[in-house]
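An overview of the molecular structure
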Amino acid sequence: MLATSTAINWSAIINVIMQIYLQNTTVCVLWPLEGEFNLNAKDTGNAYTIINIQANNINNKANDVQKFKEKFLESNSLTLMLTAAIEKSHCESYLAFEKDTLKFIDSFSNASRYSEWRSKRNHFVFASSNRTLENLLETQRFFEDQATILFITTDNSNPGIFDLKTNKFVGPKANKPGKLYLLDRFYANTSGFQFGENLFPNKLENLQGREIIVPGMDYRPYLVINYVVSGENNSYDLSYGSSPEGSVQLDGTEARVIITFCELFNCTVLIDSSQADDWGEVYSNLSGIGSLGMVAKGMADITIGAMYSWDSDYIYLDMSMYIVRSGVTCLVPAPRRLASWILPLEPFQFTLWLAVIVYMILEVVSLALTYRFEISYVSSKTNVWPESLKFAVVTTLKLFVSQSGSKKVISQTVRVLLFTCFLNDLIVTSIYGGGLASILTVPSYEEASDTLDRLWSHKLKWAANSEAWVSAIRNTDDNRINDILENFFIYPDEKLKFLAHSHSGYGFTVERLPFGHFAIGDYLTTESINHLKIMQEDLYFQYTVAFTSRCWPMLSAFDNLLYWWHSAGLDNYWEWRAVADNMNVQKQKQVEATMYSNMEDMGPVKLGMSNFVGILLLWMLGITISFLVFLYELSKNYVEKRKANNFKDQLTAKVLGCRSNCTNKCF
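Residues numbered from 1 in each chain as written. Predicted model: local features only at pLDDT ≥ 70, side-chain atom pairs only at ≥ 80, totals over all residues. Heavy atoms only, no water.

Remarks on the overall build of the chain
- Counting its regular elements, the chain contains 22 helices and 24 strands.
- Here the chain, with 667 residues, has 45% of them falling under the buried criterion.
- Looking at the chain alone, contacts between residues at least 24 apart form 72% of all its contacts between residues at least 6 apart.
- Carbon and sulfur atoms provide 56% of the accessible area of the chain, an area that totals close to 34,700 Å². (Helix = DSSP H or I, 4+ residues; strand = E, 2+ residues; numbered from the N terminus. Buried < 20%, exposed > 50% of the residue type's maximum accessible area, 1.4 Å probe, protein only. Contact = heavy atoms within 4.5 Å. Areas by Shrake-Rupley, 256 points an atom, 1.4 Å probe, with all protein chains shown as cover.)

Printed below as a string of C-alpha cells:
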C-alpha cells in the first residue's frame, strides 16, 4: 500500500532548490494542506521572498476581487488570488504540491494574462508522490509551452530519495514536448545530488525543430507570403492541412528576424492564415479577431507585420522590444491647376491687393480734396463736393488702367498730384502686367494637403482598410488630430481601389519605412498613384513590435536577437533586400517622386482659351455693368423728358386758360 502524501517530507529538497535556483525572486507558494513542508528561516535568508497565495491578506482584498470579477468572464478564487499575488507581489517563481498542481496550472494560465504585470523569467516547481498525476501532467499544454519546469517525485519505498524531472519542451509537437524525463536524483540523508545536473537547463540553445507558429497575414514588406512548389519553401501554411499547396516561401523585413531566430536556435517557422485577415484586436475575455486574436486564443505563438505598440493589446499579451520605426502618412490628391476664373487676381497676393486698394482710396481722397479747393477758388459754385468726388473716382480708375482724364484742371497742385498718381499707377500696372504674363505661360497649382496642418485645414477625407491605422491616436488630447480623425473612413480594399481610380479626392494611408521605402496597399496601382502625392511629413509614427502569448519562454532570446539585429545594421539591409525581391520597385520610386511632382518649373506652355476665362469673365462683368448703367441712363432720360413734357403741357394749359379768362372779361 502506497504511503499517503502526509508521509513525504518535502522541506529538505525544496529548501535546497530555492537556495540554489530561485535567488532574488519572489516565490508564490500554494501551500500544501497535507504533508510535511516548512521553510527554514536560517536557510532562506533574504535572497528571495515567500508569498503564500492562500494567505488572508490577499484573499480579503474585496476591491481587487470585485475588479477582477467585472473584468474577466471566467475566474475562480484561486485565479483571483494568483492574479492579485502577481500584480501586488510580482511573483516570478511558483511552487505547488500534489493535487493542487492541476488547479494551479488551470488558474495560472488565466492569471498570467489577467495581471497587467508580467515577468520573462518565471520558474515552476511541482512536487507529487502520485505517479498517475505525472502521466496526466505530460498531456497538459502548460508542460508543452513552458521551458522552466521542475517536477519532483518520490514514493513510499524510498521516501528520502527524490527524482527531479523536467519536461522535454524541444522538438516537434508531434513528439510530445511535454513528456517528462529524469534530470537528477536528490538524497535527503546526505542533502546531495547524484549527477549534479542543472535543474533548470537552457532548453533554448537547441529547440530541435520545435514549431513557432506565426499568423499568416501577407503585409509587404514586413511579412511576405509566397505560395510555391513544395521543396522550394521555407515554411508551411497550417490552414492548408497536409495539402502541398500550403508550401510557403516566407520573407519580409520582420519575418527575417523570426527566420534568423530559428536558424540560430534550430526551430521551424510555420504560418497559419486561417484567421489572419487583419491586424485584429484582443478582447477582455481573452478572445479576439485577426492576427492578434490568434495569439490570444493560443492558435499562434508570435505575430508580426507592422504591429504597433498598442496599449489595449499589451494588457493581454507580451510585447518584444521594437523592431523598426514606422510612420503612418498619406497619399493625398495631387495639387490641381488653379481655376482660370481667378486668373486676374493671381499676380498679386492678398496683402498686396489690400495695399493697392488702400492706395486707390487715398488717391481718391487726395484728388477730391484738391479739386474741391480748385473749384472754390476759380468759381463761386456751391455744393461742389459731389462733383469733386466724381472727378476723383473717375480719374483714379482711368489712371489705374492707363487712360487719360477728360477734365481740364487749372491748379498746379492738382496737376502735380495727377502726375504723381500717374507715375504710381504706371508702376503698379506694369508690375501687374509682368506677373500676369508669367502666370499665363507657367501653370499654377493649388495647395496640396501634404502636411498635417494642411490636412487639417483642408478637411480632407482619408481612408484605410482597418482601424489599426488610427487606433494609436484615438483618444488623443490634440484637438487637431481629433478633427482629422473625423474625416477618416474604413472601407474594404475593393472600394478603396475604386476611390483611388475615380479621383474621388480621398487620401489613402501608407507606411513610411525608416530607410526610404513604403508599405503600399494593393488597391493603390501605378495609374492611381499618378494622381496622388505623398505627404511631406507623417501623421504620426510608432515603433513596431512583435506580440507574443503571455509567458512565452523564448521572448528574452528574441529580444536579445533584436539588439544584435539593430547593432549589425541588418534592419537596413533586409529592408532594401525585401523590397527589391518582393515589391514593385517602380511603384516605390513613383511614390517617392510624388513628393517633388508639380513643384518644379514646368516651363512655358501654349496658351488656350482656358487661360483667358478669368479675363473674359472680367470683360463680361464690365459689359454687364455698362449695359445696366446704359439702361439706367435711358430710363432716367425718359423720366426727365416725361417730366419736362408734363410741365410744358401744364404751362400751356395755364396760358390758354389765362387768355380765355381775359377774352371773357373784354366782352
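What to know about the packing of helix H5 (residues 77-89) against helix H6 (residues 100-114)
- Relative to each other, H5 and H6 sit at 50 degrees, their axes nearing to 8 Å. As the angle between them shows, H5 and H6 are arranged oblique. Taken as a pair, H5 and H6 cross one another with a handedness that is right-handed. Here H5 contributes Leu 78, Thr 79, Leu 82, Thr 83, Ile 86 and Glu 87 to the contact with H6, which in turn contributes Lys 103, Phe 104, Ser 107, Phe 108, Asn 110, Ala 111, Ser 112 and Tyr 114. (Axes fitted to C-alpha atoms, helices over the stretch in contact; angles between N-to-C directions. Parallel < 35°, antiparallel > 145°, perpendicular 65-115°, else oblique. Left-handed = near helix turned anticlockwise from the far one by under 90°.)

Some details on the side chain of Glu 134
- The topology assignment puts Glu 134 in helix H7 (residues 131-137).
- Residue classification places Glu 134 among the buried residues on the basis of a relative accessible area of 7%.
- A polar contact is formed between the side chain of Glu 134 and the side chain of Lys 165, at a distance of 2.6 Å. (Polar contact = N/O pair within 3.5 Å; in protein donor to acceptor, adjacent residues only side chain to side chain.)

Digging into the state of the cysteines
- The full count for this structure, using the stated rule, is two disulfides.
- In this model Cys 28 forms its disulfide with Cys 91; the gap between the sulfur atoms is 1.8 Å. Since a negative S-S torsion denotes a left-handed disulfide, the Cys 28-Cys 91 link at about 50 degrees is right-handed. Of this pair, Cys 28 sits in strand E1 (residues 26-30) while Cys 91 sits in the loop between H5 and strand E3 (93-97); the two residues are 63 residues apart in sequence, bridging distant segments of the chain. With respect to class, Cys 28 is no different from Cys 91; both count as buried.
- Bridging Cys 262 to Cys 267, the disulfide has an S-S length of 2.0 Å. Given an S-S torsion of about -100 degrees, the disulfide between Cys 262 and Cys 267 has left-handed geometry. Take Cys 262 and Cys 267: they sit in the same class, and that class is buried. (Disulfide = S-S within 2.5 Å.)

Some remarks on the sheet that holds strand E12 (residues 247-251)
- Strand order in the open sheet made by the three strands is E10-E12-E11, with antiparallel pairing throughout. Whereas interior strands pair on both sides, the edge strands pair on one side only; in this sheet they are strand E10 (224-227) and strand E11 (235-236). (Pairing = 2+ DSSP bridges.)

Some details on the pattern of salt bridges
- According to the stated counting rule, one finds 20 salt bridges in the structure shown.
- In this structure, the salt-bridge partner of Arg 131 is Glu 134, at a minimum N-O distance of 3.4 Å. With Arg 131 and Glu 134 both in helix H7 and three residues apart, this pair spans about one turn of that helix.
- With a closest N to O distance of 4.0 Å, Asp 478 and Arg 480 form a salt bridge.
- Arg 480 sits in the partly exposed class, given a relative accessible area of 26%. (Salt bridge = Lys/Arg side-chain N within 4 Å of Asp/Glu carboxyl O.)

Some details on the nonpolar core
- Judged by nonpolar contacts, the single largest core of 45 residues is most densely connected at Tyr 219, Trp 279, Trp 310, Trp 462, Leu 539 and Phe 547.
- Going through the elements one at a time, helix H10 (290-296), strand E16 (302-308), strand E18 (324-333), helix H15 (452-458), strand E19 (462-464), helix H16 (479-485) and strand E24 (540-548) are the ones with two or more residues in this core.
- Here Leu 539 is in contact with Val 328, Thr 329, Cys 330, Leu 452, Leu 455 and Trp 462, once residues within four sequence places are set aside.
- Membership of the second largest hydrophobic core comes to 35 residues, among which are Met 321, Ala 546, Leu 555 and Leu 562. (Core = buried A, V, L, I, M, F, W, Y, C linked by side-chain atoms within 4.5 Å.)

Let's talk about the pairing of E24
- Burial within E24 is extensive, with seven of its nine residues counted as buried.
- As paired elements, strand E17 (residues 318-319) and E24 share two bridges and run antiparallel to each other. Counted as the bridge partner of Met 319 is Phe 547 from E24.
- Note: E18 against E24, five bridges, orientation antiparallel.

Overview of the packing of helix H9 (residues 255-265) against helix H19 (residues 555-567)
- For the pair H9 and H19, the least separation of the axes is 10 Å and the interaxial angle reads 110 degrees. With respect to H19, the axis of H9 lies roughly perpendicular. Pair H9 / H19 crosses with right-handed handedness. Within the contact between the two elements, H9 uses Arg 256, Val 257, Ile 258, Thr 260, Phe 261, Leu 264 and Phe 265 and H19 uses Ala 557, Phe 558, Leu 561, Leu 562 and Trp 565.

Some remarks on a nonpolar patch on the surface
- Taken together, the side chains of Phe 350, Leu 354, Ile 357, Ile 361, Val 365, Leu 369, Phe 373 and Trp 385 define a hydrophobic patch exposed on the protein surface, amounting to about 800 Å² of accessible area.
- Here the nonpolar patch gets seven residues from one element, more than from any other, and that element is helix H12 (residues 350-378).
- Mapped onto the secondary structure, Trp 385 falls in helix H13 (residues 385-400).
- For Trp 385, a relative accessible area of 42% corresponds to the partly exposed category. (Patch = residues over 30% accessible without salt bridge, like charges linked within 9 Å, V, L, I, M, F, W, Y side chains within 5 Å.)

Observations concerning the packing of aromatic side chains
- Taken as a whole and assessed by the stated rule, the structure comprises 37 aromatic pairs.
- Judged by centre distance (5.6 Å) and plane angle (45 degrees), the ring pair of Tyr 94 and Phe 104 falls under tilted. Remark: Phe 104 occurs in helix H6 and Tyr 94 occurs in strand E3; sequence separation between them is ten residues.
- Plain terms: the ring middles of Phe 489 and Tyr 491 are 6.0 Å apart, the flat faces sit at 5 degrees to each other, and that makes the pair stacked.
- By relative accessible area, Phe 489 is classed as partly exposed at 27%.
- Grouped by ring-pair contacts, the aromatic residues Tyr 94, Phe 104, Phe 108, Phe 124, Phe 126, Phe 142 and Phe 143 constitute a single cluster.
- Above the ring of Tyr 314, the side-chain terminus of Arg 118 is found at 4.0 Å from the ring centroid. (Phe/Tyr/Trp six-rings, centres within 6.5 Å; stacked < 30°, edge-to-face > 60°. Lys NZ or Arg CZ within 6 Å of the ring centre and 35° of its normal.)

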